[in-house]
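Understanding the architecture of this molecule
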Amino acid sequence: MKPHLIVLDLDGTLLTDDKVISKKTAHTLKLAEEQGHHVMIATGRPYRASSMYYRELGLKTPIVNFNGAFVHNPTDRSWKTFHETISLPVVNDVVEAMQDFRLHNIIAEVMDDVYLQYHDEKLLDILSFGAPVIKHGDIRESLQVEPTSLLIQADPKYVDPIRKHLAEVHAEAIDHRRWGAPWDVIEIVRHGLNKAVGISHVAKWIGIPRERIIAFGDEDNDLEMIDYAGVGVAMANGIDRLKSIADEVTTLTNNEDGIAEVLKERLLLTNKI
């Protein structure tokens with residue numbers, strides 16, 4: 001069988017609800033690599049919050065972070081890094097407009113620097129992976145460089161109105177998505193960026209055509225990736241919108257080795273799993 005590129009979202013896909021990789025799934029991925037296939041991660045997380053899984057799997061491939069805004073190869077510094085940011089004038093316009101909505105917080109991430117508008121212990125728990133530099137205060141004053149991403153945390157009833165505003169006013173400058181439950185967070189990146197864009201850079205470098213890309217996801221930030229891949233697979237626990245466009249839906253969830261099930265069948269993995 002010709003080599004395939006296996007692309008894995010993290011939360012709700014590769015990771016169980018306990019945020020670990022099951023032994024069966026890890027073994028299946030290793031077996032796929034031994035048979036000549038390539039494995040990579042594509043996540044909305046920054047690298048500092050995904051590096052532990054990258055190392056656990058022993059990967060050598062590039063990784064897609066920030067939903068396509070940052071693509072690099074941690075094991076090969078000669079590999080051309082792709083890093084697209086949001087312009088400061090757009091960031092300031094968005095922050096200014098958000099004053100008309102009921103917000104909990106606004107967060108800007110510049111690679112491994114985190115800027116919080118307001119101190120929030122709960123958010124700090126998920127933003128503190130990898131010991132980033134964290135700064136507090138008005139982002140319009142503290143942020144002096146273009147961020148990789150911008151996060152807006154709002155009351156649930158304001159999420160859709162905020163997204164409507166962003167679509168109407170900033171559609172040519174930014175793209176935005178909503179985090180999965182239980183977070184009422186809107187994530188903003190530069191316009192035209194998504195996981196599929198990042199994966200295309202990697203696939204071209206490896207020499208894998210789209211028809212030999214198998215991608216796994218569960219949320220709306222996986223939509224472009226699942227549509228782009230030759231075989232786009234939605235997890236059983238995935239959102240309905242993703243399932244509706246996927247080529248295949250696993251019968252098992254992220255807690256039940258759904259990835260292993262599909263790969264064993266698709267790639268004809270013959271060793272005992």
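These remarks concern the structure in this document.

Below, the discussion takes up the nonpolar core. When a protein is soluble and globular, its nonpolar side chains tend to lie buried together. Grouped together as the largest cluster of nonpolar side chains are 26 residues, with contacts concentrated most on Ile6, Leu8, Leu14, Leu29, Phe216 and Leu263. Residue assignment for this core shows that the elements contributing at least two residues are β1 (5–8), α1 (10–14), α2 (23–34), β2 (38–41), α3 (51–56), β12 (213–217), β13 (231–234) and α11 (258–266). Filtering out sequence-adjacent residues up to four positions away, Leu29 remains in contact with Ile6, Leu8, Leu14, Val39, Leu57 and Leu263. Judged by nonpolar contacts, the second largest core, of 23 residues, contains Met98, Ile106, Leu150 and Leu166.

This part covers the pattern of salt bridges. A complete count under the given rule lists 14 salt bridges for this structure. Linking Lys195 and Asp9 is a salt bridge whose minimum nitrogen-to-oxygen distance equals 2.9 Å. Of the two residues, Lys195 is situated in helix α8 (residues 195–206) and Asp9 in the loop between β1 and α1; the sequence distance between them amounts to 186 residues. Glu248 is the salt-bridge partner of Arg266, the closest N and O atoms lying 3.0 Å from each other. Placement of the pair is Arg266 in helix α11 and Glu248 in strand β14 (residues 248–249), with a sequence separation of 18 residues. Taken together, the shared-partner salt bridges connect Asp9, Lys195 and Asp222 into one network.

Attention now goes to unusual backbone geometry. A positive phi angle is found at Asn67, which is not glycine, with a value near 55°. In this model, Met111 sits at a positive phi of 55°, which is unusual for a non-glycine residue. For Met111, the position within the fold is in the loop between β6 (103–110) and β7 (113–116).

Time to look at the layout of surface pockets. Approximately 830 Å³ is the volume found for the largest pocket. Contributing to the lining of the largest pocket are 34 residues, with Asp11, Lys19, Arg45, Trp179 and Trp183 lying nearest its centre. Among the secondary structure elements, those contributing two or more residues to the lining of the largest pocket are α1, α5 (121–127), β9 (149–154) and β10 (174–178). When the residues that make up the lining of the largest pocket are grouped by side-chain class, the tally is 11 nonpolar, 9 polar and 14 charged.

Spatially, 5 strands are ordered β2-β1-β12-β13-β14 in an open sheet, and the strand pairing comes out parallel. The sheet is open, and its two borders are formed by β2 and β14, each paired with just one other strand. Bridge count for β12 against β13 is 4 bridges, and the pairing is parallel. Within the sheet, the bridge partner assigned to Gly217 lies in β13 and is Ala234. Of the strands in this sheet, β1, β12, β13 and β14 are in contact with α11, which crosses β12 at around 165°.

Okay, the pairing of β10 next. For β10, the buried fraction is high: 4 of the 5 residues fall into the buried class. In this sheet, strand β11 (residues 185–190) lies alongside β10 in antiparallel orientation, the contact comprising 5 bridges. By the bridge assignment for β11, Arg178 is matched with Ile186.

This next bit is on the packing of aromatic side chains. In this structure the tally under the stated criterion is 4 aromatic pairs. Judged by centre distance (6.3 Å) and plane angle (75°), the ring pair of Tyr47 and Tyr54 falls under edge-to-face. Both rings, one in Trp79 and one in Trp205, keep their centres 5.9 Å apart while their planes meet at 80°; by these two values the pair is edge-to-face. Of the two residues, Trp79 is situated in the loop between β4 (70–72) and β5 (82–83) and Trp205 in helix α8; the sequence distance between them amounts to 126 residues. Through successive ring pairs, a cluster of aromatic residues spans Trp79, Phe82 and Trp205.

Turning to its location among the elements, Gly192 is positioned in the loop between β11 and α8. Relative accessible area serves as the criterion here: at 35%, Gly192 is assigned to the partly exposed category. C-alpha separation for the pair Gly192 and Glu172, spaced 20 residues apart in sequence, amounts to 8.8 Å. Setting aside residues no more than four positions away along its own chain, Gly192 makes contact with Asp175 and Val197.

Reading the values: rules and limits
Residues numbered from 1 in each chain as written. Predicted model: local features only at pLDDT ≥ 70, side-chain atom pairs only at ≥ 80, totals over all residues. Heavy atoms only, no water. Core = buried A, V, L, I, M, F, W, Y, C linked by side-chain atoms within 4.5 Å. Buried < 20%, exposed > 50% of the residue type's maximum accessible area, 1.4 Å probe, protein only. Helix = DSSP H or I, 4+ residues; strand = E, 2+ residues; numbered from the N terminus. Contact = heavy atoms within 4.5 Å. Salt bridge = Lys/Arg side-chain N within 4 Å of Asp/Glu carboxyl O. 1 Å grid on protein atoms, 1.4 Å probe; cavity = no way out; pocket = protein on both sides within 12 Å on 5 of 7 lines; lining within 4 Å. Points joined across faces, edges and corners; volume = space filled by probe spheres on them. Nonpolar A, V, L, I, M, F, W, Y, C, P; charged D, E, K, R; others polar. Pairing = 2+ DSSP bridges. Axes fitted to C-alpha atoms, helices over the stretch in contact; angles between N-to-C directions. Phe/Tyr/Trp six-rings, centres within 6.5 Å; stacked < 30°, edge-to-face > 60°.

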